[in-house]
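The lines below spell out each chain.
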Amino acid sequence: MKFTAGQWQLRPGIEACYATQLFEIEVTSAGLTAVALVQPRVPGRVQALDATLLAARFSSPMEDVLCVQLSHFEGVHPRGPVFELQPQTAPSVNIVDAPEVSVISSGRLSARVAKDAPWRVAFLGDGQRLTASADGSFGYVRTPEGAVYLHEQLELAVGELVYGLGERFTALVKNGQSVDMWNEDGGAGSELAYKNIPFYLTNRGYGVFVNHPECVSFEIASERASRVQFSVPGESLEYYLIYGPSPKEVLEKYTALTGRPALPPAWSFGLWLSTSFTTDYSERTVTEMVEGMQLRNIPLSVFHFDCLWMKDGHWIDFTWDAAQFPDPEAMLRRLKARGLRVCVWINPYVAQRSRLFAEAASQGYLLRRPNGDIWQIDAWQPGMGIVDFTHLGARAWYADRLRPLLAQGVDCFKTDFGERIPIDAVYADGSDPQKMHNFYTFLYNRTVFELLQEVRGAGEAVVFARSATTGGQRFPVHWGGDNRSSFESMAESLRGGLSLGLSGFGFWSHDIGGFEGLPPAALYKRWVAFGLLSSHSRLHAMSSYRVPWTFDEEAVAVLRHFAQLKCRLMPYLFAQALLTVQTGVPMMRAMFLEFPDDPACETLERQYMLGERLLVAPVFSAAGEVSYYVPTGTWTQLLSGEVIVGPRWVREIHDFMSLPLLARPNSLIPFGGVTSRPDYEYAQNVRLALYALDDGAAAEALVPTLQGGLALRACARREGERITLRVEGAQASWDLLLAGMKDVAAVEGGIAAVVDQGVLITPVANELRITLLL
């Protein structure tokens, strides 16, 4: 939200005052408070007469994080909801109140409040400037309509770039954008977003989390070209400044504060196939699709039933449409016998024709209008009401209606919608509807996710959620919503996923081929490769099926190839998923996140790292042209074995069975021995592939169990012409591929054979000593 018109003028009707000069400092055991005048000091003892004072309180919830609470009037009655921040170990905070400056420090982060004019708070990490709140930054604003806002502006250095703010389909770098935190059902190709997260990080070693669930308005180098401004309505504003210094460390600390994702079950990483939305489907159609996939040897993990598993006009009543699915229990048993998991679509809205509407209304489980009527609308479903998840009884009621489905054999739920939440509604707990608009999705998804944890057990819960706010990362997985069948939308989807990952979300998916429209076969095949090299992979659409044989026979081969490849990569991918759970660093990573010291990576948005060791560059053209950047080192094309030495830009043409998929230098990547499913014993018949190990370097591979434990640990180290590999794991069976090697001089502890991909070594002991031919 912009308040000024250029450098000197306010917009018409705007009144504003700014922290101008320090009035007084107060030091307590809890932190430091700086009170500011909004006009320069005048001679004499009386400064506060008929004056406006603004206060800034500094404290620290955890090491390397400072909380800043800005306020004007402090007698406002607080109304929830509030974000559920995670308790942290109290840090050691140091406060120094000197004649010219007051300083509060937490770990390596400090804030320095200048005591002379003009107002200035400088934030320093390891003694170096990060950013500052300067003259004109801390402001109190009144609009012509009488609304009041507080805003803060933090300075941007030359070359400083801003990332994050949720799943945004605009440019990955947010400089120059105006972004409002307001969840909207706006599709996947505009400035609107399903998942608005009031958190950003920059390439200068810090992040900022604005702790408000209501609409936070960000002006990122858009109102003032050298500042980020964020504003909220009301008399107070709270934000956290988080020091890394690396972007990964910023995300680790941010997710420690707001929550880290649960570990999705291994089966959820496989291929999901949907009925699609408005297609004509029944049990016969479902059986034909599933049998078609199995007949063509395409590994399928989850089958999803979209909205029309229920009767049209009755969403939601959680009852199978008997005309299309006369015996759902038997149908689900047959799907389970094929080794499939089952997902069904739900939303938090209750149509008036639903058998549950009157029940929910009579119990007070639906949102109400101020006059006491049920809040209803003819949108999406006729006369629909909205479940009030602030009502504890409504949460239990909603979860209890899902239990019979789980008993029938349903494994998980697509928790759709949650964005169309009104601001003129009354909540059971008195919550502020402006704040609940975004926060609603947190309560909705938590209700469903916690039910799955209760019924299915820890490690078996997964949802497919569209909307989110801060903290929603705790309930994976999230998908990118309604994209379109075009290469442009495919690129927009990737930008959205990378932006969401830079906002603290670890697991993400998208509708392969696009939701709206019928993709040409070339687009479908290119998107399949991208989709199967995402953390989660789903074929879904609006009005057409996404099974590959409806496109052409090559589409069948492409889907089979990449689905089987993902199954083989699961030992690596599941280990990376565990790392995401432990650190909050996403599986799909913008290049900037993995290579923060390489300036060429700062703006890359058409390629990404899949975990720590694999670079993926989707092909956004039918003809196969692709250009991508390779950072420093010797990288290896996983599919062809070709070696590329960076740093350099590469231009290539790929057929549909290929795309740039590169192993990072000094990587030891485990490949599984199963191509038919994503969940298997990863340490059995695992192949450890060693890529471009430099002299003096080491590489490690961790192979997990399905429960998240450790089944195998392998460490390779090179000293000159000697490579040593040590493997720990009593129940493991493995071999070693020296990728790209032509031959070796000698092997101790194994038998070497030259194969197409390099030198394959079959061990006879758990330690190998390999002498290279140099």
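Because the structure is predicted, anything quoted here is derived from the model rather than measured. (Residues numbered from 1 in each chain as written. Predicted model: local features only at pLDDT ≥ 70, side-chain atom pairs only at ≥ 80, totals over all residues. Heavy atoms only, no water.)

If you tally the helices and strands in the protein, you get 10 helices and 48 strands. Structurally, the protein occupies a C-alpha span of about 90 × 70 × 45 Å along its principal axes. Split into buried and exposed, the 774 residues of the protein put 61% on the buried side. At a minimum sequence separation of 6, the contacts of the protein that also span at least 24 residues come to 67%. For the protein, the computed accessible surface area is about 28,000 Å², with 50% contributed by carbon and sulfur atoms. With 67 positive and 84 negative side-chain charges, the protein shows a spacing of 2 Å between the two charge centroids. (Helix = DSSP H or I, 4+ residues; strand = E, 2+ residues; numbered from the N terminus. Buried < 20%, exposed > 50% of the residue type's maximum accessible area, 1.4 Å probe, protein only. Contact = heavy atoms within 4.5 Å. Areas by Shrake-Rupley, 256 points an atom, 1.4 Å probe, with all protein chains shown as cover. Lys, Arg positive; Asp, Glu negative; His and termini not counted. Charge placed at Lys NZ, Arg CZ, Asp CG, Glu CD.)

Moving on, we come to the nonpolar core. Counting 207 residues, the largest nonpolar core has Phe305, Tyr398 and Leu736 as the members making the most contacts within it. Tallying contributions element by element places helix 9 (residues 553-583) first for this core, with 14 residues. When residues no more than four places from it in sequence are discounted, the contact partners of leucine 736 are Leu668, Leu688, Leu690, Leu725, Val759, Leu760, Ile761, Leu768 and Ile770. Grouped together as the second largest cluster of nonpolar side chains are 46 residues, Leu109, Tyr140, Leu156 and Leu165 included. (Core = buried A, V, L, I, M, F, W, Y, C linked by side-chain atoms within 4.5 Å.)

Further remarks concern the packing of helix 5 (residues 392-408) against helix 6 (residues 433-456). In the contact formed by helix 5 and helix 6, the axes pass within 10 Å of each other and the chain directions differ by 45°. Put simply, helix 5 runs oblique to helix 6. With respect to the hand of their crossing, helix 5 and helix 6 are arranged in right-handed fashion. From helix 5, Arg395, Tyr398, Ala399, Leu402, Arg403 and Leu406 reach across to helix 6, where they touch Leu443, Tyr444, Arg446, Thr447, Val448, Leu451, Leu452, Glu454, Val455 and Arg456. For the contact of helix 5 with helix 6, the class distribution of residues is 10 nonpolar, 1 polar and 5 charged. (Axes fitted to C-alpha atoms, helices over the stretch in contact; angles between N-to-C directions. Parallel < 35°, antiparallel > 145°, perpendicular 65-115°, else oblique. Left-handed = near helix turned anticlockwise from the far one by under 90°. Nonpolar A, V, L, I, M, F, W, Y, C, P; charged D, E, K, R; others polar.)

To continue, consider the sheet that holds strand 5 (residues 31-37). Overall, antiparallel pairing links the 8 strands, which are arranged 4-5-6-7-21-18-17-15 in an open sheet. Looking along the sheet, the strands with just one partner apiece sit at the ends: strand 4 (21-28) and strand 15 (162-164). Strand after strand, the sheet turns through a mean of 25° between neighbouring axes, direction not considered. Contacts from helix 1 (residues 247-258) reach strand 6 (53-62), strand 17 (199-202), strand 18 (206-210) and strand 21 (236-243) within the one sheet, and its direction differs from that of strand 21 by about 135°. (Pairing = 2+ DSSP bridges.)

Moving on to the packing of aromatic side chains. Tallied over the entire structure, the rule returns 43 aromatic pairs. When the centroid spacing of 5.5 Å and the interplanar angle of 65° are considered together, the rings of tryptophan 315 and tryptophan 345 count as edge-to-face. Of the two residues, tryptophan 315 sits in the loop between strand 23 (302-305) and helix 3 (328-337) while tryptophan 345 sits in strand 24 (residues 341-346), which places them 30 residues apart along the sequence. Each member of the pair tryptophan 315 and tryptophan 345 is classed as buried. (Phe/Tyr/Trp six-rings, centres within 6.5 Å; stacked < 30°, edge-to-face > 60°.)

Another point: the pattern of salt bridges. Throughout the structure, instances matching the rule amount to 42 salt bridges. With its nearest N and O atoms 2.9 Å apart, the salt bridge here joins glutamate 454 to arginine 403. Here glutamate 454 is found in helix 6, whereas its partner arginine 403 is found in helix 5, with 51 residues between them in sequence. Where salt bridges share partners, they join Asp185, Asp416, Glu419, Arg420, Arg466 and Asp482 into one cluster. (Salt bridge = Lys/Arg side-chain N within 4 Å of Asp/Glu carboxyl O.)

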